[in-house]
Amino acid sequence: LGEFQDRSYQSLLYLTPSSSHSRRAGNPAVGGATGNENIYLIDGIKTNDPVTGEWGTNMNIAFFQSLDSTVYGVEAQGATSTGGYFNMVTQSGSNDWHGSVFGWFTTSGMTARINSNDFEVTQDQDWRAQDYGFTFSGPIVKDRLWFFAGANPYHRSDDNKGYDIVENLKNPVTLALPYDYSNETNTTTYLAKLTWRISDNHRMELETFSDPSRQDLHEGPTPTLYPQTLSSRRDVGSSNIGLKWYATWTPRFFTDAHIAFTRRHDDLVPSGAPMDTPLLQSQDWNQNLA
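Conventions used here
Residues numbered from 1 in each chain as written. Predicted model: local features only at pLDDT ≥ 70, side-chain atom pairs only at ≥ 80, totals over all residues. Heavy atoms only, no water. Helix = DSSP H or I, 4+ residues; strand = E, 2+ residues; numbered from the N terminus. Buried < 20%, exposed > 50% of the residue type's maximum accessible area, 1.4 Å probe, protein only. Areas by Shrake-Rupley, 256 points an atom, 1.4 Å probe, with all protein chains shown as cover. Lys, Arg positive; Asp, Glu negative; His and termini not counted. Charge placed at Lys NZ, Arg CZ, Asp CG, Glu CD. Phe/Tyr/Trp six-rings, centres within 6.5 Å; stacked < 30°, edge-to-face > 60°. Core = buried A, V, L, I, M, F, W, Y, C linked by side-chain atoms within 4.5 Å. Contact = heavy atoms within 4.5 Å. Patch = residues over 30% accessible without salt bridge, like charges linked within 9 Å, V, L, I, M, F, W, Y side chains within 5 Å. Salt bridge = Lys/Arg side-chain N within 4 Å of Asp/Glu carboxyl O.

1. Topic: the overall build of the chain
For step 1, the next point in the chain: Counting its secondary structure elements, the chain contains one helix and 14 strands.
For step 2, the next point in the chain: The principal-axis extents of the C-alpha atoms in the chain amount to approximately 85 × 45 × 40 Å.
For step 3, the next point in the chain: Per-residue burial for the chain yields a buried fraction of 38% across its 290 residues.
For step 4, the next point in the chain: For the chain, the exposed area adds up to about 16,900 Å²; of that, 53% sits on carbon and sulfur atoms.
For step 5, the next point in the chain: When the 21 positive and 33 negative side-chain charges of the chain are each reduced to one mean point, those points stand 6 Å apart.

Structure follows, in structure tokens:
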């Protein structure tokens, strides 16, 4: 799943009947559809990326109370979906105090040996991933007002080391250009929720969840004589806030009102060479040498 630790809800979506890998990390192909035809609801908030249609928010499964998936026959009140319909509900506070702390650490050396005939394997590389976090919930006013809070920092480092071999198309010259760098990802997901029982017939929920991520990558042109031009920085993530009101007016008449705001961004800037450094590429080499 690429950048996802195994405790993200995206990894669970692949257990949905009729799902398969779509070649788009964290977006299973469900029921014969493509990976960007799914609907991702978290507490009723549609969190799809507004540009790509793919998932839009990361979150650890420790924050969830339930996850429901529907492949066919989504009911009329659900958002339109030609793929999988994933409805996830996060935990809420109660009159009892609950809490947890957790931590995980994994490296490439702790995984099974890679088979040479695996479809996605190009070469072995070292990587490290770790995350930790907590959840905490309980009453603010017993029987009336409760809270739930959780946070989950996550770090992953992928090492890349080797040589780019380029040959001059005019002269019998070959260059072996070394590269040695690490791609770093730091993400923190968090959730905060207030549940207010206004009366026996009225209840409100206010929540916010987000997954800000800082990614120091190497996305520039390669092969290159100037490795500093490879460096890039991405500030990625989403912000979500929602308010819900559940009301019972009579034994036969109920209302359920939601309002929510969701935003996702992916800001990319060069972080190695100055922004006014010109990029020159030579077509005299079998790979355009930068």
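2. Quick look at unusual backbone geometry
For step 1, the next point in the chain: Residues Thr222 and Pro223 are joined by a peptide bond in cis, for which omega reads 5°.
For step 2, the next point in the chain: For Pro223, the location among the structural elements is in the loop between β12 (213-218) and β13 (231-250).
For step 3, the next point in the chain: Even without being glycine, Ser18 reaches a positive phi, approximately 75°.
For step 4, the next point in the chain: Within the fold, Ser18 resides in the loop between α1 (9-13) and β1 (19-20).
For step 5, the next point in the chain: Accessibility expressed as a relative area gives 43% for Ser18, which makes it partly exposed.
For step 6, the next point in the chain: With phi around 55°, Asp43 is a residue other than glycine that occupies positive phi space.
For step 7, the next point in the chain: Note on placement: Asp43 falls in the loop between β3 (39-42) and β4 (45-46).

3. Some points on the packing of aromatic side chains
For step 1, the next point in the chain: All told, the structure shown has seven aromatic pairs when counted by the stated rule.
For step 2, the next point in the chain: Centroid distance Tyr9 to Phe64: 5.7 Å. Interplanar angle 75°. Geometry classified as edge-to-face. Taken together, the residues span a long stretch of sequence, with Tyr9 in helix α1 and Phe64 in strand β5 (residues 64-70) at a distance of 55 residues.
For step 3, the next point in the chain: Judged by its relative accessible area of 0%, Tyr9 is buried.
For step 4, the next point in the chain: Residue Phe64 is classed as buried on the basis of its relative accessible area, which comes to 12%.

4. Some thoughts on the nonpolar core
For step 1, the next point in the chain: Tyr9, Tyr40, Ile42, Met59 and Met88 are the most contacted members of the largest nonpolar core, which has 16 residues in total.
For step 2, the next point in the chain: At the level of secondary structure, the elements contributing two or more residues to this core comprise α1, β3 and β6 (85-90).
For step 3, the next point in the chain: Non-local contacts of Tyr9, meaning those with residues more than four positions away in its chain, are made with Tyr40, Ile42, Trp55, Thr57, Asn58, Met59, Ile61, Phe64, Leu67 and Met88.

5. Section: a nonpolar patch on the surface
For step 1, the next point in the chain: On the surface, Ile140, Val141, Leu194, Leu206, Ile241, Leu243, Ile259 and Phe261 cluster together to form a nonpolar patch covering roughly 700 Å² of accessible area.
For step 2, the next point in the chain: Elements supplying a minimum of two residues to the nonpolar patch: β8 (127-141), β13 and β14 (253-270).
For step 3, the next point in the chain: Looking at the secondary structure, you find Ile140 in strand β8.
For step 4, the next point in the chain: With relative accessibility at 48%, the residue Ile140 sits in the partly exposed group.

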